[in-house]
Amino acid sequence: MSAPNPASTGLFINGQRETGQDVRIGNVTAAISVANIVKSSLGPVGLDKMLVDDIGDVLITNDGATILKSLEVEHPAARVLVDLANLQDQEVGDGTTSVVIIASELLRRGNDLVKNGIHPTTIISGYRSALKAAVAYIKKEMVVNVSELNDDHLIQAAKTSMSSKIIGKESDFFAKLAVDAVKSVKMNATAADVAGYEAMGQSSASNDSKARFKYPLSAIHILKAHGKSSLESHLIDGGFAINAMRAAQGMPTFVESPSAGEPVKIAMLDMNLQRHRMGMGVQVIVKDPAEIENIKKREMDITKERIRRIIDAGARVVLTTKGVDDLCMKYFVEAGIICARRCNREDLKRLAKATGGRVVTTMADMEGNEAFDAECLGSCDSVREVRIGDGEMLYVYGCKGHGASTIVLRGANEYMLDEMDRALHDSLCVVKRMLESNTLVPGGGAAEAALSVYLDDYAHTIESREQLVIQEYADALLVIPKTLAVNAAKDASELVAKLRSVHAKGQHSSDEADAELKFMGLDLIEGTIRNNLDAGVVEPAISKIKSLRFATEAAITILRIDDRITLNDSKGLAR
């Protein structure tokens, strides 16, 4: 459909205009191109991507969100898919690749329907009906409620998330590490948190009167250190590690409580601990040369008083984001205090939360005098400087705050450590979602195959044109098991046909023995189908539901577009 001649309408647009099927084809092609980039990285045998930026830095990963975030995507429709992957990463933490693949497949099939004469509004309505039916089916049939979630379920979910990552071979070790880390930051959920869980339909036991908990991942600190094997990574449970070292060799390497039951106090500062100097522009007229010495002495005394206030408040460890000069260091060494400078501000905020303290930015009070509030000090059992790899780190043991833990990752090089960090982040998110929702679904294409068969049957109950749309939606979901099989170098057509056949039998049979068939998914190592629930290939139900919702909404957003106007800049060139 061509745009009307601007001269005949009296409308002049300072730019270029595309309308109708032309813009739709352009949008769908761009979205499919983005999906094709990440398609081969899906699944436990997916391949990695190497990304090289303009200054030659290399990034090796198979995490969908990281790949798409690193690309400079200019096409507006393709950017919708990049934002979609980021949204899935923020909300769930895993499933970023699959959500992009499903969205692009829905777009491709939607575009084919438009070419066959189905109006976009009908397609949008059909997609929404299919989504509603799919989510209802997952919640009713596919979700397994685990009232008292034990470690086995959590470790299985973490291993499923890790299976496609660099640490997949050591998934037993890292899955246990991830589960222990998330459980160590357990906190009582507030009323707002509980209301949020119920609004998202996360809890089947939301009507129960038992206490609910939350697991803030921000309390888990991940440190990366070169050297040793990845299997020598470890968790400091209830402790915290900070990438800093003593400012002077004369300071002790270990500080513990002087008497039983008395904690070690930590001062966390966001200010300079340097010799006090008068401000710029201040003029002092001195008539007696001896006064100069008094001014210098007073400057030193001001610094000494500042340090003395911190020490008198009970601090045994002082950490600051800024500098510490030799004069201040001398006082700390004399007092037997560990002091570290140039600490990361974000790390200090985490440590403050973990130890129940506060980061102090100034010592000035309301009257203009200087004072140090002892309530700002954090508490712990002991602090030790430990040599890790090429440098030193400060380990804080027995934090008395809201719960915090640190995972110290070890690995051969920077690329490996970065990819391990991303893989562990996905697993931590999955374990958190499992603990908060108490529900899981089988993975390995089981949920998509079951939905495909169910929606095919559901489409036959619809008497309008939407029947065609829902059938296409059902077929689009099969892109996940197909892609998993292709990436595993298996016969995708035969495996998916077997999978659909088994699910159709399970859904259409009244025999109780066939009820377990709905959990059948792909075994990509052997190239067969199996009960993935028994095999331990599981993921949080919220992950599957959200990925379907996000993918459908993204496809609908792009299919609604039938006009694109690219405005010219001030020089008359198209942007």
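See the structure shown above.
In this report, we go over the structure that sits alongside the text. (Residues numbered from 1 in each chain as written. Predicted model: local features only at pLDDT ≥ 70, side-chain atom pairs only at ≥ 80, totals over all residues. Heavy atoms only, no water.)

1. A few points about the overall build of the chain
Next up, step 1: Helix and strand counts for the chain come out as 19 helices and 23 strands.
Next up, step 2: Seen through its principal axes, the chain has C-alpha atoms that stretch 100 × 70 × 45 Å.
Next up, step 3: Residues classed as buried in the chain amount to 49% of the 575 residues present.
Next up, step 4: Taking the intrachain contacts of the chain between residues at least 6 apart in sequence as the baseline, contacts between residues at least 24 apart amount to 74%.
Next up, step 5: With an accessible surface of roughly 27,200 Å², the chain has 50% of that area assigned to carbon and sulfur atoms. (Helix = DSSP H or I, 4+ residues; strand = E, 2+ residues; numbered from the N terminus. Buried < 20%, exposed > 50% of the residue type's maximum accessible area, 1.4 Å probe, protein only. Contact = heavy atoms within 4.5 Å. Areas by Shrake-Rupley, 256 points an atom, 1.4 Å probe, with all protein chains shown as cover.)

2. Re the packing of aromatic side chains
Next up, step 1: Within this structure, the stated rule accounts for five aromatic pairs.
Next up, step 2: Ring geometry for Tyr137 and Tyr454: centres 4.4 Å apart, planes at 20°, overall stacked. Placement of Tyr137 in helix H6 (residues 120–142) and of Tyr454 in helix H14 (residues 446–459) is noted, with a sequence separation of 317 residues between them.
Next up, step 3: The structure contains a cluster of three or more aromatic residues connected by ring pairs, namely Tyr137, Tyr454 and Tyr458.
Next up, step 4: Here the guanidinium or amino end of Arg384 rests over the ring plane of Phe254, the centre of that ring lying 4.0 Å away. (Phe/Tyr/Trp six-rings, centres within 6.5 Å; stacked < 30°, edge-to-face > 60°. Lys NZ or Arg CZ within 6 Å of the ring centre and 35° of its normal.)

3. As for helix H16 (residues 479–487)
Next up, step 1: Most of H16 sits inside the fold, with seven of its nine residues counted as buried.
Next up, step 2: Buried within H16 are the following residues: Val479, Ile480, Pro481, Thr483, Leu484, Ala485 and Asn487.
Next up, step 3: For H16, the secondary structure elements touched by its buried residues are helix H2 (21–39), helix H5 (96–115), H14, helix H15 (466–477), helix H17 (492–508) and strand E20 (520–523).
Next up, step 4: Where H16 ends, the next residue or the one after it, Ala489, has phi of about 60°, a positive value.

4. Description of H15
Owing to its 3.6 residues per turn, the α-helix brings residues three or four apart onto one side.
Next up, step 1: Along its 12 residues, H15 runs 17 Å from first to last C-alpha, staying within 8% of the 16 Å computed at 1.5 Å per residue.
Next up, step 2: Within H15 the residues assigned to the buried category are Glu466, Val469, Ile470, Gln471, Tyr473, Ala474, Ala476 and Leu477.
Next up, step 3: Packed against the buried residues of H15 are H5, H6, H14, H16 and helix H19 (541–559). (Expected span 1.5 Å × (residues − 1).)

5. What to know about the side chain of Asn487
Next up, step 1: As for its placement among the helices and strands, Asn487 is situated in helix H16.
Next up, step 2: You can call Asn487 buried: its relative accessible area is 19%.
Next up, step 3: Excluding its chain neighbours within four sequence positions, the residues that come into contact with Asn487 are Lys39, Ser40, Ser41, Leu42 and Val45.

6. Description of the nonpolar core
Next up, step 1: The biggest cluster of nonpolar side chains holds 71 residues, and the ones touching the most others in it are Val100 and Tyr473.
Next up, step 2: Of the residues forming this core, the biggest block, 11 residues, is contributed by H6.
Next up, step 3: Ignoring anything within four residues of it in the chain, the contact list for Tyr473 reads Leu106, Tyr127, Ala130, Leu131, Leu455, Leu548 and Thr552. (Core = buried A, V, L, I, M, F, W, Y, C linked by side-chain atoms within 4.5 Å.)

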